[in-house]
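Observations on the model geometry
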Amino acid sequence: MTPGPVLPEGWEPRLTAEDFSERWLRSPVGAGLARPWFDPVALWLLGRWFFPLSRLWAAARAANGSLLKFYEEVPMDPIPGIGARLRKTLDRFETAREAVNATEARWRQVFFDERGSELYRLVAIEAARRDRRNAYNATRRHFSYLRRRRSIRPVRWDVPSVDEVEADYGAWLADPAAAFAPSLPFPEIAESQRVPGPVGEEYWLRFRSPSPVMNDDVFARVYEPIGVTDPPTLVFGHGICVEFDHWHGLVDEVFLMCQMGIRVVRPEAPWHGRRVPDGRYGGEMFIARAPRGALDTFSAQLQEWPVLIDWSRRTSRGPVAVGGSSLGALLSQLLAVKAAAWPEAVKPDALFLVTHCGHHEDAALRGSMARLWGVAEALAGHGWSQEEALRWLPLLDPQGGPPAMDPGNIVTVLGSRDTVTPFATGKALIDDWRVPAENRFIWRRGHFSVPLQMMRDRSPLDRLKRVLERLGAPA
């Protein structure tokens, strides 16, 4: 048996902080960034850089080193004179992919299939996984010379026909109350081995998605505070194209929540992270399959999240909240209404919403990100009238009755200058739900500056903590 390394006396293996945003966002530099001017800059960077480069990166995933296949997958016409350079770029991409695939396979084996691994080995494997995945994602930058030479569309569209959506989801139009019901019995959940993180223990949950549309494994990262008996739990959804478990340095409020004694469960949404099919980047399928992409995603998650709520109740006697930012908030508010008819065991006790709107169509058709992607034009080009699209999008709205939890257990953060999930209908929704004034945080910020401001101003998180403390653990 090969002996382990000689470790310094007193050294405790621990994951280092992957998010440095708290420190610099609380500095004078952060104060300048957490302002409304940042939002149009962020949109410009997404439109000019991130999404075009992501489309090129996704094409490389499907090309498997073939230049011809790469051009087909973008799609774009071949560019004379750059064959050697593109070959080198694809080779670098494949090298990074091989490294991340090997590390991910080792990570799954050690964390889920083996037991009793030395702590230093677990920490090293997880650190290597994140490093290599971040490096793999960052190979987008190697395609920047192609972005400059041609106008690359941010999405490769795969819009379904009206008849296809009608065949699969038409029954929901006739009976919206029956839509999004959880599937029983729940699948078995596997818990990974645990590693100490910067503010608590971290581990992962894995289970088979109950959704026949997805037919894949769901992964959720758990951040659990140390020394807290029966902690409250927040199941927290991320935004579109956001993959917290695969990038370094993202603005992340999870560490703050864990410091406050809240256990956070962060599931990967369909078509994100480990659930992205070849030829796509994280979140692209949600956009490209409009309007079906949203129906598929929300229907899958409203079967997956009850599994996590049930697990949360079985592993702690504390209250359970659901929430999210942007796309995760839209899902959570829909779940909050649908859960009113669910069994008590999977009804959440509280709701935490960050940057949300009251109608899905506001974000999907009229929001500034939807305009950046060209959703309305793509739908029209594939035979969808606006009226036809608007038959389906209300299924995703939090309508049909009050939410499952008391209004006093709802905390919401809105940006009055938000153009991605437009502010007006989000404000109208919390008015309709009679969310008390002390649970509303309305800042003069946009969609991207709200999370930055929340790293500087913890009052929404403090309010959520008080709500959860008031709910308490049952006697």
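Here is a short report on the structure shown in this document. (Residues numbered from 1 in each chain as written. Predicted model: local features only at pLDDT ≥ 70, side-chain atom pairs only at ≥ 80, totals over all residues. Heavy atoms only, no water.)

Quick look at helix α12 (residues 327-338) now. Given a rise of 1.5 Å per residue, 12 residues ought to cover 16 Å, and the 17 Å separating the end C-alpha atoms of α12 matches this to within 8%. Counting buried residues along α12, 12 of its 12 residues qualify, which places the element largely inside the surrounding structure. By the burial criterion, the buried members of α12 are Leu327, Gly328, Ala329, Leu330, Leu331, Ser332, Gln333, Leu334, Leu335, Ala336, Val337 and Lys338. (Helix = DSSP H or I, 4+ residues; strand = E, 2+ residues; numbered from the N terminus. Expected span 1.5 Å × (residues − 1). Buried < 20%, exposed > 50% of the residue type's maximum accessible area, 1.4 Å probe, protein only.)

This part takes up the pattern of salt bridges. Tallying each qualifying case throughout the model produces 44 salt bridges. Notably, a salt bridge pairs Glu118 with Arg121, separated by 2.4 Å at the nearest N-O pair. We note a salt bridge from Arg266 to Asp252, for which the minimum N-O separation is 3.1 Å. Taken together, the residues span a long stretch of sequence, with Arg266 in strand β6 (residues 263-267) and Asp252 in the loop between β5 (233-237) and α9 (254-259) at a distance of 14 residues. What makes Asp252 buried here is its relative accessible area of 6%. The network of salt bridges with shared partners includes Glu104, Arg108, Glu126, Arg129, Arg130, Glu202, Arg221, Asp245, Glu268 and Arg274. (Salt bridge = Lys/Arg side-chain N within 4 Å of Asp/Glu carboxyl O.)

Our focus in this paragraph is the layout of surface pockets. The volume enclosed by the largest pocket comes to roughly 1000 Å³. Lining the largest pocket are 31 residues, and of these Leu46, Val242, Leu250, Val251 and Phe448 lie nearest its centre. Among the secondary structure elements, those contributing two or more residues to the lining of the largest pocket are α3 (38-63) and α18 (449-456). By residue number, the principal contributor to the lining of the largest pocket is α3, which donates eight residues. In terms of residue class, the lining of the largest pocket is built from 20 nonpolar, eight polar and three charged. When its volume is computed, the second largest pocket comes out at roughly 330 Å³. Taken together, 17 residues make up the lining of the second largest pocket; nearest its centre are Pro176, Ala177, Lys338, Gln399 and Gly400. Partitioned by chemical class, the residues of the lining of the second largest pocket number 12 nonpolar, three polar and two charged. (1 Å grid on protein atoms, 1.4 Å probe; cavity = no way out; pocket = protein on both sides within 12 Å on 5 of 7 lines; lining within 4 Å. Points joined across faces, edges and corners; volume = space filled by probe spheres on them. Nonpolar A, V, L, I, M, F, W, Y, C, P; charged D, E, K, R; others polar.)

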